[in-house]
Amino acid sequence: MVSRPVIGITAAIEPARYGPWEEPAAFAPAVYSDAVRLADGLALLIPPDDANVEAPDDVLDLLDGLILSGGSDIDPGTYGAEPHPETRGAVPVRDRSEVALARRALERDMPLLGICRGMQLLNVALGGTLHQHLPDIVGTEEHRRTTGSWPGNEHDVELDAGSGAARLAGETVHRTFSHHHQAIDSLGEGLVVTGR
């Protein structure tokens, strides 16, 4: 029996080079597992798997909580849209797997955190849609000033007073990093926007 809470972290499938190898790899940045460990949890990496679509409980039965991690664009077909020319890197098996895990985790009332792409995926799983390329909406690349780097992409997020996000951050204006070129368009069922 595990004495620490087991937190599942969804993994990306991306090309990777390590030692003499160059091949697709399932991974999540170490910052996720480090945060789980620092909170006295045990991190469990969950690679994309179509078996999760049919039987998400096989994975969720092992977990006390689920993190939908960041990563590449979500396949627009997941929310019934045609791809924008700037939508790239989608991995449909990841989208299918994570949508199924997210929906079932919510049905089970399991703690669930969506980070970056994971927040967008959660919205899609609940019937929402995405803006596929923010510069078309806001007219600027300001949200993504330094591609491939966090430094230089800082900005403030205004959090609604009294929201869970504001309580966790300890403030209503929170400095964060952003690297999205996509964002929520229509809001998924049951979701409430508390940060802008």
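In this report, the structure presented in the accompanying data block is examined. (Residues numbered from 1 in each chain as written. Predicted model: local features only at pLDDT ≥ 70, side-chain atom pairs only at ≥ 80, totals over all residues. Heavy atoms only, no water.)

## Here we look at the overall build of the chain
Heads up, the condition is: Only runs of H or I of at least four residues qualify as helices and only runs of E of at least two qualify as strands under DSSP, and these elements are numbered from the N terminus. Every radius of gyration here is taken over C-alpha atoms, with the globule rule written as 2.2 Å times N^0.38, N being the number of residues. Relative accessible area decides the class of each residue, using a 1.4 Å probe on protein chains only: under 20% of the type maximum gives buried, over 50% gives exposed, and in between gives partly exposed. Between two residues, a contact is recorded if the distance between any of their heavy atoms is within 4.5 Å. The protein chains shown are the only cover counted for residues, whose accessible areas, like all others here, come from Shrake-Rupley with a 1.4 Å probe. Charge convention: Lys and Arg are scored as positive, Asp and Glu as negative, and His as well as the terminal groups of each chain are ignored. Where a charge lies is defined by one atom per residue type: Lys uses NZ, Arg uses CZ, Asp uses CG and Glu uses CD.
Across its full length, the chain carries 7 helices and 10 strands. At 17 Å, the chain has a C-alpha radius of gyration in line with the 16 Å of a compact globule built from 196 residues. For the C-alpha atoms alone, the extent of the chain along its principal axes is close to 50 × 45 × 35 Å. Per-residue burial over the chain gives 35% buried out of 196 residues. When contacts within the chain are restricted to residue pairs at least 6 apart in sequence, those whose partners lie at least 24 apart make up 65%. Element-wise, carbon and sulfur atoms account for 55% of the exposed surface of the chain, whose accessible area totals about 11100 Å². One way to put it: in the chain the 15 positive side-chain charges average out to a point 3 Å from where the 30 negative ones average out.

## Quick word on the side chain of Thr10
Topologically, Thr10 is positioned in strand 1 (residues 6-10). Among residues more than four places away in sequence, those in contact with Thr10 are Ala28, Ile46, Leu66, Ile67, Leu68, Ser69, Arg94 and Glu98.

## Here's the deal with the packing of helix 4 (residues 92-107) against helix 5 (residues 117-125)
Think of two packed helices as two axes; the pair is described by the angle between the axes and how far apart they sit. Condition: Between the N-to-C directions of two axes lies an angle of 0 to 180 degrees, each axis being a line fitted to C-alpha atoms and, for a helix, fitted only over the stretch in contact. Here the angle decides the label: under 35 degrees means roughly parallel, over 145 means roughly antiparallel, 65 to 115 means roughly perpendicular, and every other value means oblique. Each residue is assigned to one of three groups, with Ala, Val, Leu, Ile, Met, Phe, Trp, Tyr, Cys and Pro labelled nonpolar, Asp, Glu, Lys and Arg labelled charged, and all others, Gly among them, labelled polar.
The contact between helix 4 and helix 5 brings their axes to 9 Å, and the two run at 70 degrees. For the element pair helix 4 / helix 5, the angle class is roughly perpendicular. Mapping the contact onto sequence places Arg94, Asp95, Glu98, Val99, Ala102, Arg103 and Leu106 in helix 4 and Arg117, Leu121, Leu122, Val124 and Ala125 in helix 5. A breakdown of the residues in the contact of helix 4 with helix 5 according to their chemical character gives 7 nonpolar, no polar and 5 charged.

## Examining the pairing of strand 1
Definition in use: Pairs of strands are assigned from DSSP output, requiring at least two bridges between the strands.
Summarising burial for strand 1: 5 of the 5 residues are buried, a large majority. Side chains Val6, Gly8 and Thr10 project from strand 1 onto one buried face, and the interleaved Ile7 and Ile9 project onto a second face that is buried too. Sheet analysis places strand 1 next to strand 4 (residues 42-46), joined by 5 bridges and oriented parallel. When the bridges of strand 4 are listed, Thr10 appears paired with Ile46. Relative to strand 5 (residues 65-68), strand 1 runs parallel, the two sharing 3 bridges. Bridge pairing in strand 5 links Ile7 to Gly65.

## Structural notes on the pattern of salt bridges
For clarity, the threshold we go by: Here a salt bridge means any side-chain nitrogen of Lys or Arg lying within 4 Å of a carboxyl oxygen belonging to Asp or Glu.
For the structure on display, the rule yields 13 salt bridges. When the shortest N-O distance is used, the salt bridge between Arg175 and Asp156 registers 3.2 Å. A residue pair is termed long-range when its members are at least 10 positions apart, and Arg175 in strand 9 (residues 173-177) and Asp156 in strand 8 (residues 154-158) qualify at 19 residues. Members of the salt-bridge network, linked through shared partners, are Asp57, Asp61, Arg104, Glu107 and Arg108.

## Some thoughts on the nonpolar core
Rules: The nonpolar core is taken to be a set of buried Ala, Val, Leu, Ile, Met, Phe, Trp, Tyr and Cys residues, with the residues joined through side-chain atoms within 4.5 Å.
Residues Leu60, Leu63 and Leu66 are the most contacted members of the largest nonpolar core, which totals 19 residues. The residues touching Leu60, leaving out its near neighbours within four places in the chain, are Leu66, Leu101, Arg104, Ala105, Arg108 and Met110. With 5 residues, the next largest nonpolar core counts Ile7, Ile9, Tyr32 and Ile67 among its residues.

From the geometry alone we can't say anything about function, so treat these as descriptive.
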